[in-house]
Amino acid sequence: MTTHSFGFDSVLVTVRADDRRFDEVVSRLAQDFENFTRAQETVSTVEINVTLSSASDEVTGGWGKTRLTPRYRFFPRVCDHGGGTTSKIRRRGDRISVSVSGRDVDHVYEIAYVAILSILGWELEKLGFVRLHALGIGENGRATLFQLPPRGGKSTLALECLRNEFDVLGDEIVLVRSQRVHAFPIRIAVAATVARQFSAHSREFSRKTFDRKSLLSFEKRKGEPLELGTLVFQSKPGIATEVAPASAFNSLEWVAWTCLGLGLPQMREFILRLEELPWVIVVALRRLGFALKFLSTRRLLVSRTLVTGDPAGLMPRLAWVRSSIETVRVHEAPILRRSESSETT
């Protein structure tokens, strides 16, 4: 029986394979979260235990296949993810048990990874973090966040930032508490054509619903959380080459994204139970408070979509990320000068 444990803040996650066929899945998950705290360094208040096993006929019979969001039932939550893969979630106090069973190794891995990411993120929000769907980069003690739409280039931008010796705090999720950004360093997933431009070493990831991805690891940023500097927001896909201060409409759109955008699809699968509804309200209000406080700093920038279309091509993406890095520097300088002058007066 193969077991691996890791932690973040005071949440401890343990993954165990009850079937030798899924030892490989435990190894993959260990690589995905290799930059997280080791189990012996985590003083846990919440425990998440994930067990991987062969397919069960308990819920698959007669339910048919679903594409992404499964059919489910309460107490315990049981999800049918299609293709013979199911998950069962139980909670007793601060101990959460997740059982993932199936026939296909890749699908069991995909469901286990999403379950860990969703439940871990939710528990951290209950502990006081604000979870943002964003790329975070660090430079000179400050963090710049890029909130971009799906296929907007966050992961490609992360790789470009690593090549330019920026600190990458996370390419999909970052955590904010008290206006300071905490790194959430999961592996980076990009198209194979992009991965080959940056590294000769990557892992292939076959997904049930979406295209295949190549997975790359990166070195965890060491040190204290960074002060939140500028946040760049883009709501629509496209190739953007300019950022500018946010208008009133852009600000409202960003607040909606921040309060409602992350975690809702996974809540139906892995999180939402009747006793969690008060926490949904608390987390939404905490996100709203963060958004309103950040808006008062006037450091929200909007990425203008000047060329519409699919940004999947490598060269347009690289041109965009290089210009974004430089443009943020240009816009942040006068903001910082105004901030420093107001503090001195």
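Draft legend 1. A look at helix α3 (residues 154–163). Taken across its ten residues, α3 has eight buried, putting it largely inside the fold. Within the span of α3, buried status applies to Lys154, Ser155, Thr156, Leu157, Ala158, Leu159, Glu160 and Cys161. Glu165 occupies a position one or two residues after α3 and carries a positive phi of about 65°.

Draft legend 2. Examining the packing of helix α5 (residues 248–260) against helix α7 (residues 277–295) more closely. Contact geometry of α5 with α7 gives a least axis separation of 8 Å together with a crossing angle of 150°. Looking at the two axes, α5 sits roughly antiparallel to α7. Remark: the crossing between α5 and α7 carries right-handed chirality. Listed contacts from α7 to Ser251, Trp254, Val255, Thr258, Cys259 and Leu260 of α5 are Ala284, Arg287, Leu288, Phe290, Ala291, Phe294 and Leu295.

Draft legend 3. Up close: the packing of aromatic side chains. Tallying each qualifying case throughout the model produces twelve aromatic pairs. Between Phe8 and Phe184 the ring centres are 5.4 Å apart and the planes differ by 55°, which places this aromatic pair in the tilted class. With Phe8 in strand β1 (residues 2–8) and Phe184 in the loop between β14 (180–182) and β15 (188–190), this residue pair connects regions lying 176 residues apart in the sequence. Neither residue differs from the other here; Phe8 and Phe184 are each classed as buried. Among the aromatic residues, those joined into a cluster by ring pairs are Phe6, Phe8, Phe33, Phe36, Tyr113, Phe129 and Phe184. One cation-aromatic arrangement involves Arg28 over Tyr109; the distance from NZ or CZ to the ring centre is 5.0 Å.

What counts and what doesn't
All chains use their own residue numbering, which begins from 1 and follows the written sequence. Whole-chain, interface and lining totals are the exception, using all residues; otherwise, since this is a predicted model, local features are given only for residues with pLDDT of at least 70 and side-chain atom pairs are given and counted only at 80 or more. Note: side-chain values were computed over all heavy atoms of the structure, leaving out hydrogens and water. Burial classes: relative accessible area under 20% of the type maximum marks a residue as buried, over 50% as exposed, and values in between as partly exposed (1.4 Å probe, protein chains only). In this text, helices come from DSSP runs of H or I with a minimum length of four residues, and strands from runs of E with a minimum of two, each type numbered from the N-terminal end. Helix axes are fitted to C-alpha atoms over the stretch in contact, other axes to C-alpha atoms as well, and angles between N-to-C directions run from 0 to 180 degrees. Angle categories: roughly parallel below 35 degrees, roughly antiparallel above 145, roughly perpendicular from 65 to 115, and oblique for all the rest. Here a crossing is taken to be left-handed if its near helix is turned anticlockwise relative to the far helix by less than a right angle, and right-handed if that turn runs clockwise. Contacts: residue pairs with any heavy atoms within 4.5 Å of one another. Centre distance within 6.5 Å is the pairing criterion for rings of Phe, Tyr and Trp, where only the six-membered ring of Trp is used; planes under 30 degrees apart are then read as stacked, over 60 as edge-to-face, and the remainder as tilted. Note on criteria: charge over ring means Lys NZ or Arg CZ within 6 Å of the ring centre, with the direction from the centre no more than 35 degrees off the ring normal.

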